[in-house]
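Residue-level structural notes
The primary structure of each chain is shown beneath.
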Amino acid sequence: MNNHTPTTSTELQALSTAEQDEAPDSLEQAQFDTLLEQGKTLSTKLETLKTVIDQHRRLYASTVPVLQKKQDSLRRAMVLWLDQRLKGEGLTARQERLIRRLICSIAMEFALRGDRVMRALHDVHSEESLADIERAQAAEAEAYLKEAMGAEFGEDQVFENLDDVLHAKFDFMRKEAEARARNRAARRAKKSKLSAADQQAADDVESALRSLYRKLASALHPDRESNDEVRTYKTQLMSEANTAYERRDLLALLELQTKAQLPEATLTSALARKKLVALTDLMRERLTALHREIRDMELQATAEFLLPASMTIHEASLKHHLNSRKRDMLLELRRLNEELTSVKTDTGLKRWLKEQTTD
């Protein structure tokens, strides 16, 4: 697709003359122009959103994981201290039971992340080993999913933990999706022949895209430039045009006319009516895809940065959320530090244990 040869000016003139035989009316052109403006707005929004999220990701990575690591270090130190304190004297049976429960609760979080020391401490102080707990949870999840998905789910598989069950679930769903896709493909194969109208519409889209690409390529072809800087710039634009044409990205092709300093209507004004109608449908598809890309990017950012679901994502809102989270994490760090210092005296330990029972 990258080896397209631009048409000559004579060929372009003949092409335009033929296409003008059935020129679109002003309403059809206005409708297309409206969709084009919407597409440009959404495309700009998508690029801006991507830039803002990428910038925020760098700020987030330099802040939150660092503070989280410090919090984890203090919480882990608390588990180790409580374990040592149980080996001493002066605690009631009730206080010892409470300390063991707290050790198990905190240690489990680290153990599930692969911390072997914390797993061992959990099992020392728990009536049930973490492996037993995981197997029980896996069995419960397996029973639920078998009821929901059918008896064949997990057949001949042994689940040791929830991760095993979830992997099996996703594998089961993937296989079901592949089976549905094969069935759809088989049904489509039976209806492989397009109707005359559908085939004509598809041909119109391809013909229109090809016409747009040829006009753009004729204006951008770098071999016609003697200036090295201009030739390099046009080579880049030509590469973008090739990519856009291969992807059938109408909006990208039209946006390249601005970069190429072509008049706004150059690429569509000479199109025949049926081709403009075909491109209007293609533009609607692109608008739908842009809306979906923006939504997916926002959902991914919401999950990645733990944002409120109702939050509108832009530079200021991301900055405010990060500052707020940083402030909360710093306050939590100070609290953990104070608690770790306090529990190292019997008076402080007993007061802290009492606070845990009232939380």
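Residues numbered from 1 in each chain as written. Predicted model: local features only at pLDDT ≥ 70, side-chain atom pairs only at ≥ 80, totals over all residues. Heavy atoms only, no water.

Quick look at the overall build of the chain now. Scanning the chain from N- to C-terminus turns up 13 helices and zero strands. Written out in order from the N terminus, the α and β elements of the chain read α-α-α-α-α-α-α-α-α-α-α-α-α. Across the 359 residues in the chain, those meeting the buried criterion constitute 37%. Considering only contacts in the chain between residues 6 or more positions apart, those separated by 24 or more positions represent 67%. Carbon and sulfur atoms form 51% of the exposed surface of the chain, whose accessible area is close to 22300 Å². (Helix = DSSP H or I, 4+ residues; strand = E, 2+ residues; numbered from the N terminus. Buried < 20%, exposed > 50% of the residue type's maximum accessible area, 1.4 Å probe, protein only. Contact = heavy atoms within 4.5 Å. Areas by Shrake-Rupley, 256 points an atom, 1.4 Å probe, with all protein chains shown as cover.)

A surface patch of nonpolar side chains, amounting to about 280 Å² of accessible area, comprises Leu-166, Phe-170 and Met-173. For Met-173, a relative accessible area of 38% gives the class partly exposed. (Patch = residues over 30% accessible without salt bridge, like charges linked within 9 Å, V, L, I, M, F, W, Y side chains within 5 Å. Salt bridge = Lys/Arg side-chain N within 4 Å of Asp/Glu carboxyl O.)

A separate point is the pattern of salt bridges. This structure, assessed with the given rule, holds 18 salt bridges. A salt bridge links Asp-346 to Arg-85, with the shortest nitrogen-to-oxygen separation between them at 3.0 Å. Taken together, the residues span a long stretch of sequence, with Asp-346 in helix 13 (residues 346-358) and Arg-85 in helix 3 (residues 64-86) at a distance of 261 residues. Given a relative accessible area of 9%, Arg-85 falls into the buried group. Taking the shortest distance from any N to any O, the salt bridge between Arg-335 and Glu-339 comes out at 2.4 Å. Placement of the pair is Arg-335 and Glu-339 together in helix 12 (residues 315-342), with a separation of four residues, close to one helical turn. A residue is classified by how much of its surface remains accessible, and Glu-339, at 15% relative accessible area, is buried.

Moving on, we get to the packing of aromatic side chains. The full count for this structure, using the stated rule, is two aromatic pairs. Taking the centre distance of 5.0 Å and the plane angle of 55° together, the rings of Tyr-60 and Phe-305 count as tilted. Residue Tyr-60 is found in helix 2 (residues 26-61), and its partner Phe-305 is found in the loop between helix 11 (273-304) and helix 12; the two are separated by 245 residues along the sequence. Its relative accessible area of 14% is what places Tyr-60 among the buried residues. (Phe/Tyr/Trp six-rings, centres within 6.5 Å; stacked < 30°, edge-to-face > 60°.)

Between its first and last C-alpha atoms helix 12 spans 40 Å; for 28 residues at 1.5 Å apiece the expected length is 40 Å, and the two agree. Here helix 12 has its buried residues at Ser-317, Leu-318, His-321, Leu-322, Arg-325, Met-329, Leu-333, Leu-336, Glu-339, Leu-340 and Ser-342. (Expected span 1.5 Å × (residues − 1).)

Moving on: the packing of helix 9 (residues 228-246) against helix 10 (residues 250-259). The geometry of helix 9 relative to helix 10 is characterised by a closest axis approach of 9 Å and an angle of 165° between their N-to-C directions. Taken together, the axes of helix 9 and helix 10 are roughly antiparallel relative to one another. Our pair here, helix 9 against helix 10, has a crossing hand that is left-handed. Here helix 9 contributes Tyr-233, Leu-237, Glu-240, Ala-241, Ala-244 and Tyr-245 to the contact with helix 10, which in turn contributes Ala-252, Leu-253, Leu-256 and Lys-259. Considering only residue class, the contact of helix 9 with helix 10 consists of eight nonpolar, no polar and two charged. (Axes fitted to C-alpha atoms, helices over the stretch in contact; angles between N-to-C directions. Parallel < 35°, antiparallel > 145°, perpendicular 65-115°, else oblique. Left-handed = near helix turned anticlockwise from the far one by under 90°. Nonpolar A, V, L, I, M, F, W, Y, C, P; charged D, E, K, R; others polar.)

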